[in-house]
Amino acid sequence: MNDDPLHSTSPMPADIPQVRLALITGSANWGLAFPEDIGMTGVSVLERDRVFDTPWGPSENWKLLEFSGEVTPDGQPHRALCMYSHGNPRNEIDHACHRRAFWVLQEAGVKQVLASSTMGAVNKAIQPGDLAIAADIIELTQTPYSLLPGRQRFDASGKAIICAECAAVLAETAREVWPTHCRIHGIEQGLVAAHSYGPRLTTPAEAIAFRSMGADLINHSLAPEATLSREIGACFVPLAFVTAGFNDYMNRDRGTLLQEDVLPSLSRIASELALLTVLRLLDRRSCACQTLRSPQPAERYDRH
Ligand SMILES: [Zn+2]
């Protein structure tokens, strides 16, 4: 283990595979074994139930996937790490799980992260069933689980925290598979996702508060995932669809929030969309995400 767990200078832990892609699954995939239940040609699970040690304890529920050369853009096999985010470990609430997971992704050398989840909408124009690719986040609680090495060694920009290039690939792919009666809101719409850790769902008063701060959407996971992706220098794109609309939040006469029929009908399509999108992300173009975590001059942390 490194002397400074946040600043890895020793050789990579031997058991963490070196991969470019990471898939994080969550509520969007509930009820499915991902990717096994999708049965997509060319996608196989090399390992499952892997546990990796991190400076903050074990990170569980990892799978190592392989995309065969028959489905990849360059005709070569590619591997990806996949982790179930919601409830990791499975039977306790642990908001620090994202930091352990992204430490693993950092050590794996991951460059692109696609995270699937579901959201509530506090913008009345966004309806249950819509796929909404946020352009920005509100995460007022980001600091406790930061992965940035040192205190002043790096500057992590809050700009362009969702990768516009990956978002364009996701939207383009979604237009081929997402149900036509639902809409796809691309990153160009500038939607904002607010973060609430959960697991309790948002109250009507909290929904109004987030809306007043400028949020269009509310989510339990994508904001810390976006922040940690920035901190490890990786692109991040959220694949998230809406399971509750503004009126669902406001109706205090109904005890539940989520529209229960939305998730089962879309979880399989969202899972298929995740796989199709990461395959296309292998056909890498150019973006600036990796430069938005920038080393600072030595005098900023050496002199005090
Ligand atoms: Zn990017």
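Small disclaimer: the values here were computed from a predicted structure and weren't measured.

## A word on the overall build of the protein chain
- Across its full length, the protein chain carries 7 helices and 13 strands.
- For 304 residues, the compact-globule estimate of 2.2 N^0.38 gives 19 Å, and the C-alpha radius of gyration of the protein chain, at 19 Å, lies within 12% of that figure.
- Principal axes of the C-alpha set define a box for the protein chain whose edges measure 55 × 50 × 40 Å.
- Expressed as a percentage of its 304 residues, the buried residues of the protein chain come to 42%.
- Taking the contacts inside the protein chain whose residues are at least 6 apart along the sequence as the reference set, 80% of them involve residues at least 24 apart.

## Some points on the confidence of the model for the protein chain
- Confidence along the protein chain averages 90 in pLDDT terms, with 95% of residues attaining 70 or more.
- A low-confidence stretch, residues 1-5 (pLDDT under 50), is modelled with 6 contacts involving residues beyond four sequence positions or located in other chains.
- Below a pLDDT of 50 lies the segment residues 7-12, which in the model reaches 8 contacts outside its immediate sequence neighbourhood of four places, other chains included.

## A short note on the environment of Tyr 84
- In this structure, Tyr 84 sits in strand β4 (residues 78-84).
- The spatial distance from the C-alpha of Tyr 84 to the C-alpha of Ile 138 is 23 Å, given a sequence separation of 54 residues.
- Sequence-distant contacts of Tyr 84, that is, excluding residues within four places in its chain, are made with Thr 25 and Asn 61.

## Describing the packing of helix α2 (residues 164-177) against helix α6 (residues 262-281)
- Direction vectors running N to C along α2 and α6 enclose 130°, while the axes themselves pass 9 Å from each other. In terms of their interaxial angle, α2 and α6 are classed as oblique. Between α2 and α6 lies a crossing whose hand is right-handed. The residues of α6 that touch α2, namely those facing Cys 166, Val 169, Leu 170, Thr 173, Ala 174 and Val 177, are Ile 269, Glu 272, Leu 273, Leu 276, Thr 277, Arg 280 and Leu 281.

## Some points on helix α1 (residues 97-108)
- Taking 1.5 Å of rise per residue, 12 residues should cover 16 Å, and α1 covers 17 Å from first to last C-alpha, within 8% of that figure.
- Buried residues dominate α1, accounting for 11 of its 12 residues.
- Buried within α1 we find Cys 97, His 98, Arg 99, Arg 100, Ala 101, Phe 102, Trp 103, Val 104, Leu 105, Gln 106 and Ala 108.
- Once α1 finishes, Gly 109 follows within two positions and takes phi at roughly 80°, a positive value.

## A short note on the packing of α1 against helix α4 (residues 222-231)
- With their axes 10 Å apart at the nearest point, α1 and α4 run at an angle of 35° to one another. Crossing angle aside, the handedness with which α1 passes α4 is right-handed. Contacts between α1 and α4 involve His 98, Arg 99 and Phe 102 from the former and Pro 224, Glu 225 and Leu 228 from the latter.
- Grouping the amino acids of the contact of α1 with α4 by side-chain chemistry returns 3 nonpolar, 1 polar and 2 charged.

Conventions used here
- The residue count restarts for each chain, going from 1 along the sequence in the order it is written.
- Selection of residues for local features in this predicted model requires a pLDDT of at least 70, selection of side-chain atom pairs for listing and counting requires 80 or more, and totals for whole chains, interfaces and linings are taken over all residues.
- By the criteria applied, helices consist of DSSP H or I runs no shorter than four residues and strands consist of E runs no shorter than two, each listed in order from the N terminus.
- C-alpha atoms define the radius of gyration, and 2.2 Å times the number of residues to the power 0.38 defines the globule rule.
- Exposed residues have 12 or fewer other C-beta atoms within 10 Å of their own C-beta, buried residues have 20 or more, and residues in between are partly exposed; the C-beta atoms are placed from the backbone.
- For the purpose of contact definition, each residue receives a C-beta atom placed from its backbone, and two residues are in contact when these atoms lie within 7 Å.
- Every residue carries a pLDDT, the predictor's confidence in it, which falls somewhere between 0 and 100.
- Where helices are involved, their axes are fitted lines through C-alpha atoms of the stretch in contact, as for all axes, and angles between N-to-C directions lie from 0 to 180°.
- Geometric relationships in this document are graded by angle, where less than 35 degrees denotes roughly parallel, more than 145 denotes roughly antiparallel, 65 to 115 denotes roughly perpendicular, and other angles denote oblique.
- Left-handed is the label given to a crossing in which the near helix is rotated counterclockwise from the far helix by less than a right angle, and right-handed is the label when the rotation is clockwise.
- One fewer than the residue count of a helix, multiplied by 1.5 Å, yields its expected span.
- Throughout this entry, Asp, Glu, Lys and Arg are counted as charged residues, while Ala, Val, Leu, Ile, Met, Phe, Trp, Tyr, Cys and Pro are counted as nonpolar. The remaining residues, Gly among them, count as polar.

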